[in-house]
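Coordinates in review
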Amino acid sequence: MNAKCFGVALLVALAVGCGEGRAIFNVDVHSFLFGTGRDTVPYLVPASTTLDTSSVQHINLPGAGSSIVDTVHAIGGVTFLNASGLGTIRFQIYVAADSLGTYNASALAVSVPAPPAGPAPVPGPPVGLDADFSNAVNSVFTQSDLWVRLVAQVSAAAGLPMQGKMVLDSLRLRIVIRDKIF
Amino acid sequence: MRTSVVGLGLVALAVGCAAPAAAQGLFTDARRIGMGGVSIGRSGSVRRFNPAYRAVPARTGLEAQPKLTIPLPLGLIQFFSDHPISQLGHDPTFSPDSAGFNPVQALDYVLNPPLFYEVKQAPTPTNDVTFGIGKNFLQVNLGQASELVPEDEFGLGSSTRLLDPGFDVKGVRVSVMTWLHTEAGFQLGNTLLAFLHDSVPAQDNTRYNVLTDGIVEAGFAPTLGYAGRVWGDTATGIYLGGALHYYLGVGYAKFTGDGGFITGPIIFGGTNPVTPDGSGLTQYSKPGHKLGHGVGGDIGIAWISGPLELGFGVNDIGATITWPDTRQDSAYYRDSTVAGTGSPLGYSKPFANHVETKTKLPVSYVANLAYTIGTTTLAADLVNNGRGTTLHLGGEKRLGLVALRGGVSRDQRKRLEFGWGGGVRLGGVSLDLGFWTHSNSLSNERAITMATSLSIY
């Protein structure tokens, strides 16, 4: 049984079990990345340049048929280990139904600024994430295939290139769905 | 799917309306409903299950039992007002592709056929359900709705006698009884029960399953019976009754199944979180095959002493039906690859044909007690129709032409239910009203049904 069918089966159980209640999916995204190396995004950005570096991960979800996603809320954190250079960094998450789609601007789910980065201290302070995803990406979460692209958007100041890595410490999504099974 | 849901509902309506009053779920007599389901006098469950009552003379006067009771199905009027029959096929409630589709309500109509008016609907649980998902983690928390996950076998069934035409000569009765036995049940396996009921996280490489079984069998039974007073007179006496049935089975079908799914080595590690599988055994003897046959009997005793009466009756004792020409098929389904990504392997093939099998009709019984003091009658009965025991306690107080009634019962879920009502009798006709709480719905709260019926004396 593929993930979508399994998800629909879960939602049928939900519908029988709780009538008009909502389905809430708490997805531990970090567990899908941990151990694969994709929870770390290394970057090397020339001076006076802005560049995105990223890692893409496929995540299986149960799938929710034609249900309607109310909200997607993300809670998590990243740590930037900036070894050299100065500049600013943003932590961004793109989501789409396929890996290529995560490179579209419309797939941007959330963007969080990090404190101005410098060569020290290493590591920098953890960057917390506690925000709703853009409504534009809600429909992706009803599908069984979810692709997540973690982006370190680095803008290096003049002088030295910025080099380091972004490490995802945790990322949990809370997806609230109104069930419409068929 | 739409057709099947509507069809299921209509079948439930038809079967539910035809179901005998002996069952806990549906009575057609507002008088009995008003007394919590108890049978007073010499009707209902008492006469159905105790053959001795055939010889007990009927009560007279205002205590007499009606010759005919006609239910006034206000619930059906309400149902067809809400769901016009011309649009039933496209009714949002029963159409899975509609946003208004409500499987809980559709199933509730099956469990509670809307013959009578629902004064208070059992509220449908509407709590949120939470799923926890990780790469190798899946947990479901149904909240309050988890209480509705059945821990024991959940099922529907009845053993009914639709018609019993025959003739009596001095207490001896020769008849041909038609019989119908239906049962359907399912039980969650331990792992699935813990997953749904107790929110235990799913384990990898683990099977989650549901056990199902069902049977439908029907036939007729030439019957030789006797009922008579063996001691005393009409005021005080002991009555015995018995019937010997030679059951002839026209056809039967039985299904036993075990279906579910197996989680992978890492639950969300691949494209298939689970691999479904199932197996089952069907056996049937179609109408036209050799008739099934078996012998069984009923016995009953009743003691009448003025205002007091006691009775006990048992049905279908030793009723094992032997079916000489049965076909058995095995069914099996599982993905053909270990990863569960290949073509599903499913087959049904004959296991054995023209073999002899046996089925058993459930033994049913009733014990009853009634006591009349002046214009007040109090009664109790204990009924087991093969799927659990129900206890009814109730009474009726007659005030001239008006009767007031009340009662209480313990249903098959071991919950207390309450009945109250009244009636007005004008000559040979009475109009009765009864209210009845029930917990058959997919809810832990009681609903209240209002029943109305017309009785002709």
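Residues numbered from 1 in each chain as written. Chains lettered and ligands numbered in written order. Predicted model: local features only at pLDDT ≥ 70, side-chain atom pairs only at ≥ 80, totals over all residues.

To continue, consider the overall build of chain B. Across its full length, chain B carries six helices and 21 strands. Here the contacts in chain B between residues at least 6 apart in sequence split such that 64% fall between residues at least 24 apart. (Helix = DSSP H or I, 4+ residues; strand = E, 2+ residues; numbered from the N terminus. Contact = placed C-beta atoms within 7 Å.)

Time to look at the overall build of chain A. For chain A, the helix and strand inventory stands at two helices and nine strands. At a minimum sequence separation of 6, the contacts of chain A that also span at least 24 residues come to 84%.

Residue and element names in this part refer to chain B. You can see Arg229 is positioned in strand E8 (residues 207–232). Judged by the 18 C-beta atoms lying within 10 Å of it, Arg229 falls in the partly exposed class. Each C-alpha atom, one on Arg229 and one on Trp323, is 38 Å from the other, the two residues being 94 residues apart in sequence. Discounting residues that sit within four places of it in the chain, Arg229 has contacts with Ala55, Gly237, Ile238 and Tyr239. (Buried ≥ 20, exposed ≤ 12 C-beta atoms within 10 Å, placed from the backbone.)

Turning next to the confidence of the model for chain B. Residues and elements named next belong to chain B. For chain B, the average pLDDT comes to 83, and 84% of its residues sit at 70 or higher. No element of chain B has a lower mean pLDDT than helix H1 (residues 2–18), which averages 34, and none a higher one than strand E11 (residues 292–305), which averages 96. Here residues 1–25 is a poorly scored stretch, pLDDT under 50, and it has 47 contacts once near neighbours within four places are set aside; other chains count. (pLDDT = per-residue confidence, 0-100.)

For the rest of this paragraph, the subject is unusual backbone geometry. Residue and element names in this part refer to chain B. Positive phi outside glycine occurs at Lys170, with the angle close to 50°. Within the secondary structure, Lys170 sits in the loop between strand E6 (166–169) and strand E7 (172–188). Within the chain, Asn205 stands out as a residue other than glycine whose phi angle is a positive 50°. Among the structural elements, Asn205 can be located in the loop between helix H6 (190–197) and E8. Owing to 10 C-beta atoms within 10 Å, Asn205 belongs among the exposed residues under this scheme.

So, about the environment of Ala145 of chain B. All names here are of chain B. Positionally, Ala145 belongs in the loop between strand E4 (137–141) and strand E5 (154–161). A residue is classified by how many C-beta atoms lie within 10 Å of it, and Ala145, with 26 of them, is buried. With 16 residues separating them along the chain, Ala145 and Arg161 place their C-alpha atoms 37 Å apart.

Let us look at the sheet that holds strand E5 (residues 87–96) of chain A. Residue and element names in this part refer to chain A. Spatially, E3-E8-E5-E6 is the arrangement adopted by the four strands of the open sheet, whose pairing is antiparallel. The outermost strands of the open sheet, each flanked by one partner alone, are strand E3 (50–60) and strand E6 (108–113). Averaged over all neighbouring strand pairs, the angle between strand axes comes to 15°, with direction disregarded. Judged from the 10 bridges that link them, E5 and strand E8 (residues 145–156) form a sheet pairing that is antiparallel. For Tyr94, the partnering residue across the bridge sits in E8 and is Arg149. (Pairing = 2+ DSSP bridges. Axes fitted to C-alpha atoms, helices over the stretch in contact; angles between N-to-C directions.)

Moving on, we come to the pairing of strand E18 (residues 402–410) of chain B. Side chains Ala403, Arg405, Gly407 and Ser409 of chain B of E18 of chain B all project onto a buried face; the interleaved residues Val402, Leu404, Gly406, Val408 and Arg410 of chain B project onto a face where none is buried. Connecting the antiparallel pair strand E17 (residues 389–399) of chain B and E18 of chain B is a turn made up of two residues, with Gly400 of chain B showing a positive phi of about 65°.

Moving on to the confidence of the model for chain A. Mean pLDDT over chain A works out to 83, with 80% of the residues at or above the 70 mark. Here helix H1 (residues 3–18) of chain A stands out as the least confident element of chain A, with mean pLDDT 52; strand E2 (residues 40–45) of chain A is the most confident, with 94.

Residues and elements named next belong to chain A. Residue placement: Leu173 occurs in strand E9 (residues 162–178). Leu173 sits in the buried class, given 24 other C-beta atoms within 10 Å. Put simply, Leu173 and Thr50 are 123 residues apart on the chain and 28 Å apart in space, counted from C-alpha to C-alpha. Leu173 has contacts with Val27, Val29, Val72 and Ala74, leaving out every residue within four places of it along the chain.

Now for H6 of chain B. Residue and element names in this part refer to chain B. Those residues of H6 lying buried are Leu192, Phe195 and Leu196. Projection of H6 onto a plane perpendicular to its axis shows the buried side chains occupying an angular sector of 85°, all on one side. Buried residues along H6 sit in contact with E4, E7, E8 and strand E9 (236–263). Phi turns positive, to about 55°, at Ser199, one or two residues after H6. (Arc of directions from axis to C-beta.)

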